[in-house]
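Letter by letter, the chains look like this.
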Amino acid sequence: MPKRLIYLVVFILALAVAAEVAVPAVISGIVAQGMVSQTGSDNVSAKVHKRPALSMLGGSFDQIALSATNARAGKITFSEFTATLADVQLDMNTLLSKRLVVMKSVGQVDVTATIAEAELARYINQSVKGMKNAVVTITPDKIQATSALSFGGFATVAVTIEGKVVVDSQKIKFVTERFMLNNSPVGSIGGAAITEIPLVENNKLPFNVAVRDIVTEKGKIVIHADNRPK
């Protein structure tokens, strides 16, 4: 084989190897920029997968893995947010020219979102009328929030609520199971704003996913969602 042909083959192989490294890295960065609007986070990282890598330029991806901090859904901020999207087809013209992610199609989507204690406390202070300086403790068994509750500006009492986070057809919400005023249990509080605290509307979750499971761990609430049919 002539030396020139050998050099050409080696050069082509080197370009192919370089493309397998460079193209995913470049496209991953662009996808991360485009996912800012999807996740509501300014800190998004992405990793795209497709073989051969050059086929990504047509907008086809075997998998896109996302990770974000301080992602927003409605008025709630997720301290950690991860998503894995399989069999994705993107509009590459829009992605490359405008740095926006437009999905033509997507297969399976799996999402994990975390609400930290501090965020739930902030949300309660902001969303529940009369409650301020809330302190939230999350354990595998329960969620407890202690706060000062003001009644019309005339009296302030210490309030402790204990409960869990659940999901219905419309929203993710905190449901109170135990209610105490100044450390004394009280009876029914039906109709009160703190009986049921809405957190996130289901249609605010990205990628049209539905919640499958909500788990409380030490210091956080972990929400698992996907797009699989029920």
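Data block above holds the structure.
Here the structure is a predicted model, which means the values were calculated and not measured.

1. A short note on unusual backbone geometry
The omega torsion of the bond from Arg51 to Pro52 falls at -5°, within 30 degrees of zero and hence cis. Here Pro52 is to be found in the loop between strand S1 (43-49) and strand S2 (60-73). Even without being a glycine, Asn133 presents a positive backbone phi close to 55°. By secondary structure assignment, the location of Asn133 is in strand S6 (residues 131-138). Despite not being glycine, Phe207 shows a phi value in the positive range, around 65°. Looking at the element boundaries, Phe207 is found in the loop between strand S11 (196-201) and strand S12 (210-217).

2. Focus: the packing of aromatic side chains
Evaluated as defined, the whole model comprises one aromatic pair. Here Phe78 and Phe81 contribute two aromatic rings whose centre-to-centre distance is 6.5 Å and whose plane-to-plane angle is 25°, an arrangement assigned as stacked. The same class applies to Phe78 and to Phe81, which are both buried.

3. Some details on the side chain of Glu162
Among the secondary structure elements, Glu162 is positioned in strand S8 (residues 155-167). With a relative accessible area of 9%, Glu162 lands in the buried category. Of note is the side chain of Glu162, whose polar atom sits 3.3 Å from the side chain of Lys142. If we ignore the near neighbours within four places in the chain, the residues touching Glu162 are Lys142, Ile143, Gln144, Phe174, Val175, Thr176, Glu177, Arg178 and Met180.

4. Here we look at the pairing of strand S13 (residues 220-226)
Extensive coverage of S13 is indicated by the burial of five of its seven residues. Pairing of strand S5 (residues 109-116) with S13, which is carried by seven bridges, proceeds in the antiparallel orientation. Residue pairing for S13: Thr114 is matched across the bridge by Val222. As paired strands, S12 and S13 are joined by seven bridges and run antiparallel to one another. By the bridge assignment, Asp213 is partnered in S13 with His224. Counting the residues that bridge the hairpin from S12 to S13 gives two residues, and of these Gly219 lies at a positive phi of roughly 85°.

5. As for the nonpolar core
Counting residues in each nonpolar core, the largest one holds 62 residues, and the members touching the most others are Val31, Phe78 and Phe207. At seven residues, strand S3 (residues 76-90) tops the list of elements feeding residues into this core. Discounting chain neighbours no more than four positions away, the residues touching Phe78 are Thr69, Asn70, Ala71, Ala73, Ala113, Thr114, Ile115, Val200, Leu205 and Ile223.

6. Re the pairing of S5
Pairing of S3 with S5, which is carried by six bridges, proceeds in the antiparallel orientation. Each residue of the ladder has a partner; that of Phe81, found in S5, is Ala113.

Cut-off values and rules
Residues numbered from 1 in each chain as written. Predicted model: local features only at pLDDT ≥ 70, side-chain atom pairs only at ≥ 80, totals over all residues. Heavy atoms only, no water. Helix = DSSP H or I, 4+ residues; strand = E, 2+ residues; numbered from the N terminus. Phe/Tyr/Trp six-rings, centres within 6.5 Å; stacked < 30°, edge-to-face > 60°. Buried < 20%, exposed > 50% of the residue type's maximum accessible area, 1.4 Å probe, protein only. Polar contact = N/O pair within 3.5 Å; in protein donor to acceptor, adjacent residues only side chain to side chain. Contact = heavy atoms within 4.5 Å. Pairing = 2+ DSSP bridges. Core = buried A, V, L, I, M, F, W, Y, C linked by side-chain atoms within 4.5 Å.

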